[in-house]
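A look at the structure
Each chain, letter by letter, is given below.
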Amino acid sequence: MKLFLVLHFLFIFISNYSISQEINCQGAVLRILNKTTNEKTYYTVPVSQTIELDNSNIVVHKCVKVEDEGKNEEVALITHKYNESLSSDNNFFGWIFKSSQYLNSPNNPLYDIKLQECLEEDPIFLKNN
């Protein structure tokens, strides 16, 4: 009976573990919206590279695809730092979510910064279509 219970709990643990899957990606696509001109720009950036905007810098530290029970989510860990000439009170270091874009996002007076997608392959070596 004890063996049956141990095997039963082991089966439940393994089945719960196998449902959730994380894929560490090597790059990200960020959508940067200029709030004054409404111009959208898409930046394809490898992990740990810097995007230089007019008033700030953005670094994507990690990008992860999470698949859990049929629900897909993509999240990126980014740093958003203002240039030295502006206030550093609104610097941002945290996770941004693709599906809940306004849940946690950096504050920038000129730009709206959103995660478009995580790239499993290194964007430096992507083939041009």
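Refer to the structure presented above.
What you see is a predicted model, and the numbers here were worked out from it, not measured in a lab.

With that out of the way, let us pick up the side chain of Arg 31. Note on placement: Arg 31 falls in strand 2 (residues 27-34). A relative accessible area of 12% places Arg 31 in the buried class. Here the side chain of Arg 31 touches Asp 112 through a polar contact of 3.0 Å, side chain to side chain. Residues within four places of Arg 31 in sequence aside, it is in contact with Lys 40, Thr 41, Tyr 42, Gln 101, Asp 112, Ile 113, Lys 114 and Gln 116.

Consecutive side chains along a regular strand alternate between the two faces of the sheet. Of the strand pairs in this sheet, strand 4 (residues 50-52) and strand 5 (residues 56-68) are connected by three bridges, and their pairing is antiparallel. Across the sheet, residue Ile 51 finds its bridge partner in strand 5, namely Ile 58. Here strand 5 folds back onto strand 6 (residues 71-82) in antiparallel fashion, the turn holding two residues, of which Glu 69 has a positive phi close to 50°.

Bringing the sheet that holds strand 2 into the picture now. Paired through backbone hydrogen bonds, the strands of a sheet run either parallel or antiparallel to each other. Pairing is antiparallel across the open sheet formed by three strands, whose spatial order is 3-2-8. Strands with a single pairing partner mark the edges of an open sheet, and in this sheet they are strand 3 (40-46) and strand 8 (111-119). With direction set aside, neighbouring strand axes in the sheet form an average angle of 25°. Here strand 2 runs beside strand 8; their pairing, made up of eight bridges, is antiparallel. Following the sheet pairing, Ala 28 is matched in strand 8 by Cys 118.

In this structure, Leu 30, Ile 58 and Leu 115 are the most contacted members of the largest nonpolar core, which totals 19 residues. Looking at this core, the elements with two or more residues in it are strand 1 (20-25), strand 2, strand 5, strand 6, strand 7 (92-97) and strand 8. By residue number, the principal contributor to this core is strand 8, which donates four residues. Look past the residues within four positions of Leu 30 in its chain and what remains in contact with it is Thr 41, Tyr 42, Tyr 43, Ile 51, Ile 58, Val 60, Ile 96, Lys 114, Leu 115 and Gln 116.

This next bit is on the pattern of salt bridges. Inspection of every chain in the model, using the stated rule, returns four salt bridges. The partner of Glu 120 in a salt bridge is Lys 65, and the shortest N-O contact between them spans 3.5 Å. Of this pair, Glu 120 sits in the segment after strand 8 while Lys 65 sits in strand 5, and the two are 55 residues apart along the sequence. On the basis of relative accessibility, which here comes to 39%, the residue Glu 120 falls in the partly exposed class. In this structure Lys 65 comes out as buried when scored by relative accessible area, which is 18%. Linked by salt bridges that have partners in common, Arg 31, Asp 112 and Lys 114 make up one network.

Attention now moves to the state of the cysteines. Inspection of the entire model under this criterion finds one disulfide. Paired through a disulfide, Cys 63 and Cys 118 show a sulfur-sulfur distance of 1.9 Å. Of note, the bridge from Cys 63 to Cys 118 carries an S-S torsion of about -75° and is left-handed in sense. Within this pair, whereas Cys 63 is found in strand 5, its partner Cys 118 is found in strand 8, the two being separated by 55 residues in sequence. For Cys 63, a relative accessible area of 0% translates into the label buried. Judged by relative accessible area, Cys 118 falls into the buried class, the value being 1%. With no disulfide partner, Cys 25 has as its closest neighbouring cysteine sulfur the one in Cys 118, 4.7 Å distant. For Cys 25, a relative accessible area of 9% translates into the label buried.

Definitions and limits used
- Residues numbered from 1 in each chain as written.
- Predicted model: local features only at pLDDT ≥ 70, side-chain atom pairs only at ≥ 80, totals over all residues.
- Heavy atoms only, no water.
- Helix = DSSP H or I, 4+ residues; strand = E, 2+ residues; numbered from the N terminus.
- Buried < 20%, exposed > 50% of the residue type's maximum accessible area, 1.4 Å probe, protein only.
- Polar contact = N/O pair within 3.5 Å; in protein donor to acceptor, adjacent residues only side chain to side chain.
- Contact = heavy atoms within 4.5 Å.
- Pairing = 2+ DSSP bridges.
- Axes fitted to C-alpha atoms, helices over the stretch in contact; angles between N-to-C directions.
- Core = buried A, V, L, I, M, F, W, Y, C linked by side-chain atoms within 4.5 Å.
- Salt bridge = Lys/Arg side-chain N within 4 Å of Asp/Glu carboxyl O.
- Disulfide = S-S within 2.5 Å.

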